[in-house]
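# Topology and contacts: notes
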Amino acid sequence: MIQIDDKIISLDLFTARFACDLQACRGECCVEGNAGAPLDEEEIALLESEWKHYAPYMTPAGKEAVEMQGVAVVDEEGDLTTPLVAGAECAYAICEKGITWCAIEKAWSEGRTPFRKPVSCHLYPIRLVSLSNGMTGLQYHRWEVCRAAEALGRQRGEPLYSMLREPIVRRFGEAFFRELEACETELRRMGEI
């Protein structure tokens, strides 16, 4: 583990190789799992205020789930997450050409909303964990659904954290990302990775 300010970073972020391969997984991470995507309070306000911009892209079942459950729900562990359709896919999931992705991101890509998608989705497979000491842990979430992404990542050779530069900067800022790069350099120099 590495500590940068109030963040504890798993070494997996430097050693793992990962590159999403939507042609192989078909966006299964938006469909499978036991809960929706983690959300923070600011995102809930954005989901509510931007509803009219991304709702037209949603499926009828997804819209119904949000209308019945709200833009966010509290899961079994007490965390705020996106609602699910019939306990399965994310309410914001859409399918185009056999690939599942996000209605919010589609609205964003067409310039309809400034909100891209929940940061937890953008950061995936990095998961943020609130630690008991008030710090935030950054962990690599391994999942069978993503085996093709691991294989493609090994082919490309780019570390997980580097591949996720954009969402890391979105969540933690450019200075934090530069710290990660410095950590990788030091870990290599010391032969730790």
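Because the structure is predicted, anything quoted here is derived from the model rather than measured.

### Observations regarding the sheet that holds strand β7 (residues 126-130)
Taking strand neighbours across the sheet as the criterion, the four strands line up as β1-β2-β8-β7 in an open arrangement whose pairing is mixed. The strands lining the two open edges of the sheet, one partner per strand, are β1 (2-4) and β7. The mean angle between the axes of side-by-side strands here comes to 25°, regardless of whether they run parallel or antiparallel. Two strands pair when backbone bridges link them, and strand β2 (residues 7-9) and strand β8 (residues 136-140) are joined in this way by three bridges, in the parallel orientation. Its bridge partner lying in β8, Lys7 is registered against Thr136. Running over the sheet, helix α11 (residues 174-189) touches β1, β2 and β8 and is turned about 150° from β1.

### A short note on helix α10 (residues 165-172)
When we look at burial in α10, the residues that qualify are Pro167, Ile168 and Phe172. Viewed along the axis of α10, the buried residues span an arc of 105°, placing them on a single side of the element. Residues of α10 that are buried in the fold lie against β2, α7 (119-123), β7, β8, α9 (160-163) and α11. Backbone geometry just after α10 places Gly173 at a positive phi near 100°.

### With respect to the environment of Tyr57
Among the secondary structure elements, Tyr57 is positioned in the loop between α4 (51-54) and α5 (60-69). Residue classification places Tyr57 among the buried positions, given a relative accessible area of 18%. Along the primary structure Tyr57 and Tyr92 are separated by 35 residues, whereas in three dimensions their C-alpha atoms are 8.7 Å apart. If near-sequence neighbours (up to four positions away) are discounted, Tyr57 is found in contact with Ile94, Ala103, Lys106, Ala107, Glu110 and Arg112. In this structure the side chain of Tyr57 is engaged in a polar contact, spanning 2.6 Å, whose partner is the side chain of Glu110.

Cut-offs applied
- Residues numbered from 1 in each chain as written.
- Predicted model: local features only at pLDDT ≥ 70, side-chain atom pairs only at ≥ 80, totals over all residues.
- Heavy atoms only, no water.
- Pairing = 2+ DSSP bridges.
- Helix = DSSP H or I, 4+ residues; strand = E, 2+ residues; numbered from the N terminus.
- Axes fitted to C-alpha atoms, helices over the stretch in contact; angles between N-to-C directions.
- Contact = heavy atoms within 4.5 Å.
- Buried < 20%, exposed > 50% of the residue type's maximum accessible area, 1.4 Å probe, protein only.
- Arc of directions from axis to C-beta.
- Polar contact = N/O pair within 3.5 Å; in protein donor to acceptor, adjacent residues only side chain to side chain.

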